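These are the residues of each chain, in order.
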Amino acid sequence: MEEGFEDWRTSGHLNEVKNQETGDCCFAFTACAAVEVLHHKHPDSQIRVVLSCQDLWNNLVTVDQTEPGCSILDTLKWIYFNGCVLEEHCPYLGRLQPPIPLEDRRVKMRIKTLKPVLRKNMEYEVYRGPVIVEIDWLQEMDLIRGDGIYSGPLRASTFKNGKIEKHGVLVVGFGAQMEGDELIKFWIIQNSHGSGWGHNGYAKFNRAKIHNRYLINDGWTVVGISYCDLEGHPYEEL
């Protein structure tokens, strides 16, 4: 645990914020970002990578699904078994495509395991690496700009009557700052709405209960990176 650590943005392990545009594939963006960090902080890592969100989207969603997207848990399980390919081998197009046959995918890495993270333990886990969370996304969150702390809607009824979608984001840090005479604790999240959202693609979300609910709850973290398949055969080198 690093002394005084609070923000993975200062580590050099995060890539630039990406933009999913109109694609219903936040699950792929957050998962790729987490795996990229694992690779970049690996002691033997010499090459930076950008992983393909399109590849995950293509393999985890079908055009005739009733509900768009995929759960974070199912996404991470799929990466454990099938790994990730580079962005250059399957570029993001912003629309669902037929998947590349599994045997033809140029897999470079996979995760060794995934771990559930309770909200009460999240600060400790964020010390070790970013945490993927699935939040209730309100329409007003699309309009978050600047470096202030987002503390939820003014009215509790927004959670009941407003349009809410599940959305995956990456918790990359935490902190606290004074607002008036009150010390506000917050999580720092990385979104996948481009650098124009929030503050360069990141935002601070209040850690306190808002209208009797938390904005950020439990999540998942990825532990260990492997450059071999489940049978121990090494993947193609980067």
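Keep in mind it's a predicted model, so treat the numbers as computed, not measured.

## Brief notes about the overall build of the protein chain
Then, in step 1: Looking only at helices and strands, the protein chain has 5 helices and 10 strands in total.
Then, in step 2: At 18 Å, the protein chain has a C-alpha radius of gyration in line with the 18 Å of a compact globule built from 238 residues.
Then, in step 3: By principal-axis analysis of the C-alpha atoms, the protein chain measures approximately 55 × 45 × 30 Å.
Then, in step 4: Looking at the protein chain as a whole, 47% of its 238 residues qualify as buried.
Then, in step 5: Residue pairs at least 24 apart in sequence account for 73% of intrachain contacts in the protein chain once pairs closer than 6 positions are excluded.
Then, in step 6: For the protein chain, the computed accessible surface area is about 12400 Å², with 48% contributed by carbon and sulfur atoms.
Then, in step 7: Positive and negative side-chain charges in the protein chain, numbering 25 and 33 respectively, have mean positions lying 5 Å apart.

## As for empty space enclosed by the protein
Then, in step 1: Using the criterion set out here, one finds 1 cavity of 30 Å³ or more in the structure.
Then, in step 2: Taken as a whole, the largest cavity encloses approximately 100 Å³ of empty space.
Then, in step 3: Lining the largest cavity we find Leu14, Asn15, Glu16, Lys18, Phe29, Thr30, Ala33, Glu36, Leu170, Gln190, Asn191 and Ser192.
Then, in step 4: With 4 residues, the single largest contributor to the lining of the largest cavity is helix α1 (residues 26–40).
Then, in step 5: In the lining of the largest cavity, the residues fall into 4 nonpolar, 5 polar and 3 charged.

## Considerations on unusual backbone geometry
Then, in step 1: Positive phi, normally seen in glycine, also occurs at glutamate 21, with a value near 55°.
Then, in step 2: As for its placement among the helices and strands, glutamate 21 is situated in the segment before α1.
Then, in step 3: We classify glutamate 21 as exposed; its relative accessible area is 53%.

## Observations concerning helix α3 (residues 72–82)
Then, in step 1: Buried residues of α3: Ile72, Thr75, Leu76, Trp78 and Ile79, and no others. Seen along its axis, α3 keeps its buried residues to an arc of 155°; they face one direction.
Then, in step 2: In the segment just after α3, glycine 83 is the residue with positive phi, at about 75°.

The rules we used
Residues numbered from 1 in each chain as written. Predicted model: local features only at pLDDT ≥ 70, side-chain atom pairs only at ≥ 80, totals over all residues. Heavy atoms only, no water. Helix = DSSP H or I, 4+ residues; strand = E, 2+ residues; numbered from the N terminus. Rg over C-alpha atoms; globule rule 2.2 N^0.38 Å. Buried < 20%, exposed > 50% of the residue type's maximum accessible area, 1.4 Å probe, protein only. Contact = heavy atoms within 4.5 Å. Areas by Shrake-Rupley, 256 points an atom, 1.4 Å probe, with all protein chains shown as cover. Lys, Arg positive; Asp, Glu negative; His and termini not counted. Charge placed at Lys NZ, Arg CZ, Asp CG, Glu CD. 1 Å grid on protein atoms, 1.4 Å probe; cavity = no way out; pocket = protein on both sides within 12 Å on 5 of 7 lines; lining within 4 Å. Points joined across faces, edges and corners; volume = space filled by probe spheres on them. Nonpolar A, V, L, I, M, F, W, Y, C, P; charged D, E, K, R; others polar. Arc of directions from axis to C-beta.

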